Structures are given as C-alpha cells and as structure tokens.
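Report on the structure
The primary structure of each chain is shown beneath.
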Amino acid sequence: MQTGRAFYDVCLYMLRILPCSFILIALLEVWIKPETVVEHLGENCGWQGNFWVMVLAGFSIGGLYVAYPMAQTLQRKGASLRIIFSYLAFTGILRIPMTLFEITFLGLPFTLTRLLVALPLFLLSGILFGTVLTRKNYRLKD
Amino acid sequence: MDYILWIVTACLVLVSFWKSKQKTREALNLAVKKFGSVLSLFLIVMVIYALIISFLPPGLIQQNLGRNSGLKGVFWALGMGSVSVMPGFAAFPLCAALKGLGIPYYILAAFSISLMNIGVITFPVDKRFLGFRVALARNAAALVVCLVVVLIFKWIFGES
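Residues numbered from 1 in each chain as written. Chains lettered and ligands numbered in written order. Predicted model: local features only at pLDDT ≥ 70, side-chain atom pairs only at ≥ 80, totals over all residues. Heavy atoms only, no water.

**Quick look at the interface of chain B and chain A**
- Chain B puts 61 residues into the contact, and the matching count from chain A is 55 residues.
- Contact with chain A buries area across many residues of chain B, yet B:L5, B:F92 and B:F129 alone supply 13% of it, more than any other trio.
- Summed over the shared surface of chain B and chain A, the number is zero salt bridges.
- Between chain B and chain A we count five residue pairs in polar contact (both at pLDDT 80 or more) in total.
- The biggest single contributor to the side of chain B that touches chain A is helix α2 (residues 21–55) of chain B, with 17 residues.
- Split into classes, the residues belonging to the side of chain B that touches chain A amount to 42 nonpolar, nine polar and 10 charged. (Contact = heavy atoms within 4.5 Å. Buried area = accessible area lost by both parts, 1.4 Å probe. Salt bridge = Lys/Arg side-chain N within 4 Å of Asp/Glu carboxyl O. Polar contact = N/O pair within 3.5 Å; in protein donor to acceptor, adjacent residues only side chain to side chain. Helix = DSSP H or I, 4+ residues; strand = E, 2+ residues; numbered from the N terminus. Nonpolar A, V, L, I, M, F, W, Y, C, P; charged D, E, K, R; others polar.)

**As for the pattern of salt bridges**
Residues and elements named next belong to chain B.
- Evaluated as defined, the whole model comprises three salt bridges over all chains.
- For the salt bridge of D126 with R138, the shortest nitrogen-to-oxygen distance reads 3.8 Å. Of the two residues, D126 sits in helix α7 (residues 123–130) while R138 sits in helix α8 (residues 132–157), which places them 12 residues apart along the sequence.
- Accessibility expressed as a relative area gives 13% for R138, which makes it buried. (Buried < 20%, exposed > 50% of the residue type's maximum accessible area, 1.4 Å probe, protein only.)

**Concerning the domain arrangement of chain B**
All names here are of chain B.
- Looking at the assigned domains, one finds that chain B contains domain 1 (1–55) and domain 2 (57–160).
- The C-alpha-based centres of domain 1 and domain 2 are spaced at 26 Å.
- Opposite the eight residues of domain 1 that make contact, domain 2 presents nine residues.
- Interface area, domain 1 with domain 2, both sides summed: about 730 Å², of which 86% is carbon and sulfur.
- On inspection of domain 1 and its partner domain 2, the count reaches zero salt bridges.
- Scanning the region where domain 1 abuts domain 2 turns up zero residue pairs in polar contact (both at pLDDT 80 or more).
- Class assignment of the residues belonging to the side of domain 1 that touches domain 2 gives a composition of eight nonpolar, no polar and no charged. (Domains from an automatic or database assignment.)

**Observations concerning helix α6 (residues 105–117) of chain B**
- A rise of 1.5 Å per residue sets the reference length of α6(B), with its 13 residues, at 18 Å; its end C-alpha atoms lie 18 Å apart and thus fit the reference within 8%.
- Of all 13 residues in α6(B), 13 are buried, a share of seventy percent or more. (Expected span 1.5 Å × (residues − 1).)

Structural data, given as structure tokens:
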C-alpha cells in the first residue's frame, strides 16, 4: 500500500518536471546543431576547445552509441586526442537533460558538488590520456 | 524549484517562437515524441522499483546501503552503478526514492556517477571504438574519479 502511494507520488512529481525537460531538450536540438559546435573543435582550437567540448558534451543525448560516432567525427575534423577523451568523459557528467533531472530529484547542492569535483578530474584524465596516447600515435577505430 | 523550470521553459519557447514558428513547432513535436518514447520505460522502472521495495526486506537495503554500511555500501553502490544500464531519467527518481528510505548522499553519488561513467555491460562498445587496453584504462580512470567523488561527498554531506 505504501509502495503504491510512493509510486503514485513519484509519477506525479515526474509529470510536473518531465514536460519541461523534454521541451528544453528538443529546443536545444532544433536550435543548436552539433555540426556548428564541432567546427570549433578542429586543429589548433586552443583553450577555447575546452569550453566547446563541454558545450558539445552537454548537448549530447543518448549514451555511448551517440558519443563514439561523434568522437570519430571529431577525430576526422582534426581534434586532438585530449579533446576527444575529454569529450567522452564529459558526456558522462555534463549532459544537460540528465543534469536537469538530477537537480530536480537530488537538489542543486548534490549536482554542484558532483560537477565541481568530477569536472576538473576528468579534464585532468583527458590531458593524461591525450598526452600518453598522442605519443603512441593512437587513433580511434573506424 | 518546479515553477522556475516552467518559467524558464516558457520564456525559451516564446523566444524560439518569435525567432521561428517553424522551428518551434518542430521542437515541440520532437519533445512530444521523446516524451512518449521514454514514458513507458520510466513506468516500467518505477514498477520494478515498487516491486523490489515490497518484496525485499527493508532491513536488507539498510544493512547493505544504509548509514552504517561503511565501505561495503560504497562498493555495493559502485558495483551496481557499474553493471547497470539505465538512463538518467530512470536512475534519479530511483535515487530520490532511496533517499526517502534514508540512504545517505555519498551512496547515491557512488551509484549515479558510476552508472554514468563506468560500463561493464557496455564494455564491448568501448572496446569496439577504443581497443581493449584503452577501453580498460578509460573505465579504470572513471573508477578513480568515482572514488574521489564519493570521498568528497562523504566529507561534505556526512552521513545525511
């Protein structure tokens, strides 16, 4: 009985949140094409690359099945391995739709803590992977 | 919290509509389509959750993930997060429900962040694009990040 009640509450709660999240996601998708962002991530993108890679990861939807083809595209555009590995890691922590859900269910302090801790660490791991693998002439598989 | 979300959404829809009716209509259609495709899955997850809660003795969850579970709880949460494949829209309501059962934040962080960043079941996908060794290294790096996140959550939020 209690479980039924909890189920009902959480469903009701979701219905208050879900429509907004999906409208926001759809607006992002229609207005901001990934291709435009990718243009900023080619060779010699410099420090701004860090910003754009976050934007790209934030807008990514779907899991690895979307992230890896995008990573291949980045590679074709001449993005560095550091950018590519940062992108792959960031898709796990920065996706805007996911983050919206997290804030609504676990609260802003939870999400902020997670981002402030995980973001620098994954940036660091991106640099590490980039440096080591570039030296080995590594490339993603096609 | 909810009404801010509604206000922001409404403003953005208006701006979008002002810029292009066509694109806004496209976006709203897309939103409805996505919402529909996710709704059934969400309901299934919540039903499974309700069933687990009713048939598992509550003591078992408390004992393995509760405040006094210590390291065992962290490893259980990391393990479950790593092997599960679940979208965020199903995972976070689940976390909120667990929170309601008194499971501390650092355990929820362990579960949710390993869920998003470590993939045991999806490892073949990693391997397909990265090769075995780099795929393994990537997951290992993610595990290290998860552990640091858990430690800091424990430090900031304590047992709450």
